[in-house]
Amino acid sequence: MTGTRDGYLATVQAVAADEANPPTLSADIMWAEPPGHLRDTILGGLAGALLGALLGFGTAQRMSRHSARRQRMYSRLCLATLLLLTPGLPRQHPDRRRLAAGRHPP
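K.L.:
Any chance you could explain the side chain of Thr59 here in plain terms?
P.N.:
For Thr59, the position within the fold is in helix 1 (residues 37-63). Since its relative accessible area comes to 17%, Thr59 is described here as buried. Separated by 2.8 Å, the side chain of Thr59 and the backbone oxygen of Leu55 make a polar contact.

K.L.:
Teacher, can you tell me more about a nonpolar patch on the surface here?
P.N.:
A surface patch of nonpolar side chains, amounting to about 430 Å² of accessible area, comprises Leu38, Ile42, Leu43 and Leu46. As for its placement among the helices and strands, Leu43 is situated in helix 1. Residue class for Leu43 comes out exposed when judged on its relative accessible area of 51%.

K.L.:
Hey, could you run me through the sheet that holds strand 3 (residues 24-31) in this one?
P.N.:
Either a parallel or an antiparallel arrangement is found when strands of a sheet pair, and the pairing is made through backbone hydrogen bonds. Taking strand neighbours across the sheet as the criterion, the three strands line up as 1-2-3 in an open arrangement whose pairing is antiparallel. In this open sheet, the two strands that pair with only one neighbour each are strand 1 (2-5) and strand 3. Strand-to-strand twist of the sheet, defined as the mean angle between neighbouring strand axes without regard to direction, takes the value 15°.

K.L.:
Please clarify how the pairing of strand 1 should be interpreted in this entry.
P.N.:
Successive side chains on a regular strand alternate, one facing one side of the sheet and the next facing the other. Here strand 1 runs beside strand 2 (residues 8-15); their pairing, made up of four bridges, is antiparallel. Within strand 2, the residue paired with Thr4 across the bridge is Leu9. Counted between consecutive antiparallel strands, the loop separating strand 1 from strand 2 contains two residues, among which Asp6 sits at a positive phi close to 50°.

K.L.:
Just checking my understanding: could you explain the pattern of salt bridges for this structure?
P.N.:
Pairing is possible between side chains that carry opposite charge, provided their charged atoms lie close to one another. Enumeration over the complete set of coordinates arrives at one salt bridge. The partner of Asp40 in a salt bridge is Arg39, and the shortest N-O contact between them spans 3.0 Å. According to the relative accessible area criterion, Asp40 is partly exposed, its value standing at 44%. For Arg39, a relative accessible area of 53% corresponds to the exposed category.

K.L.:
Help me understand a positive patch on the surface in this model?
P.N.:
On the surface, Arg69, Arg70, Arg72 and Arg76 cluster together to form a positively charged patch. You can see Arg76 is positioned in helix 2 (residues 68-85). A relative accessible area of 58% means that Arg76 is categorised as exposed.

K.L.:
What exactly am I supposed to notice about the layout of surface pockets here?
P.N.:
Each pocket or cavity is described by its volume, and for the largest pocket that value is around 170 Å³. Every residue along the wall of the largest pocket is listed here: Gly52, Leu55, Gly56, Thr59, Tyr74, Cys78, Thr81, Leu82 and Leu85. Those elements giving two or more residues to the lining of the largest pocket turn out to be helix 1 and helix 2. In terms of residue count, the dominant contributor to the lining of the largest pocket is helix 2 (five residues). Here the lining of the largest pocket is built from residues that sort into five nonpolar, four polar and no charged.

Reading the values: rules and limits
Every chain's residues receive numbers from 1 upward, in the order its sequence appears when written. pLDDT decides what is reported in this predicted model: residues at 70 or higher carry local features, side-chain atom pairs at 80 or more are listed and counted, and totals for whole chains, interfaces and linings draw on all residues regardless. The side-chain numbers reported here are obtained from all heavy atoms of the structure, hydrogens and water having been left aside. The helix count covers DSSP runs of H or I at least four residues long, the strand count covers runs of E at least two residues long, and both are numbered beginning at the N terminus. The buried label applies to any residue whose accessible area, calculated with a 1.4 Å probe on protein chains only, is under 20% of its type's maximum; exposed applies above 50%, and partly exposed to all values in between. Polar contact criterion, stated in full: a pair of N or O atoms within 3.5 Å, where within protein one must be able to donate a hydrogen and the other to accept it, and residues adjacent in sequence count only if both atoms are side-chain atoms. Patch members must show over 30% relative accessible area and no salt bridge, and they are joined within 9 Å when carrying like charges or within 5 Å when they are nonpolar side chains of Val, Leu, Ile, Met, Phe, Trp or Tyr. The accessible surface values rely on the Shrake-Rupley method and a 1.4 Å probe; as for residues, cover is taken only from the protein chains in view. One side-chain nitrogen of Lys or Arg within 4 Å of one carboxyl oxygen of Asp or Glu is enough to make a salt bridge. Whether two strands pair comes down to DSSP finding at least two bridges between them. Working convention: axes come from line fits to C-alpha atoms, limited for helices to the stretch in contact. Angles between N-to-C directions cover 0 to 180 degrees. Under this rule, positive means Lys or Arg and negative means Asp or Glu; His and the chain ends count for nothing. To locate a charge, take atom NZ for lysine, CZ for arginine, CG for aspartate or CD for glutamate. Method remark: on a 1 Å grid restricted to protein atoms, a set of points is classed as a cavity if a 1.4 Å probe fits but cannot get out and as a pocket if it is open with protein on both sides within 12 Å along at least five of seven lines; lining residues have an atom within 4 Å of a point. Grid points are joined across faces, edges and corners, and a volume is the space filled by probe spheres set on the points. The residue classification treats Ala, Val, Leu, Ile, Met, Phe, Trp, Tyr, Cys and Pro as nonpolar and Asp, Glu, Lys and Arg as charged. All others, Gly included, are polar.

Here's what the structure looks like:
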C-alpha cells in the first residue's frame, strides 16, 4: 500500500512466508519530491560547478607562483577531494537480492 500526505510518501509492504523466508512487514516513510525539484537540482548543480570553476581558476593562478612540489601537493589534495565527492555504490533493494538468489516473493 502506498500513499502521499503533507509532502511525505508512506509505503507498507507485507510479504507472506515461504519455505526460505519468514513473513515480513515493512513500513517506509520518505519525503516526496515537489514538482520543481529536478529543475532546482539541475540549476543548483550548474551554479555550483560555475562557482567551483571560478574558485579553481583563481587558486590555480595563485598556485602558479609557488614551487613545483607545492603545486603537485595541491593537485593531489584537489584530486582526493573530488574522489570523496563521488557518489557511493547504489544499494540494492531487498527484493532484488531475493530475486538474485532465486527466491521469488509471492
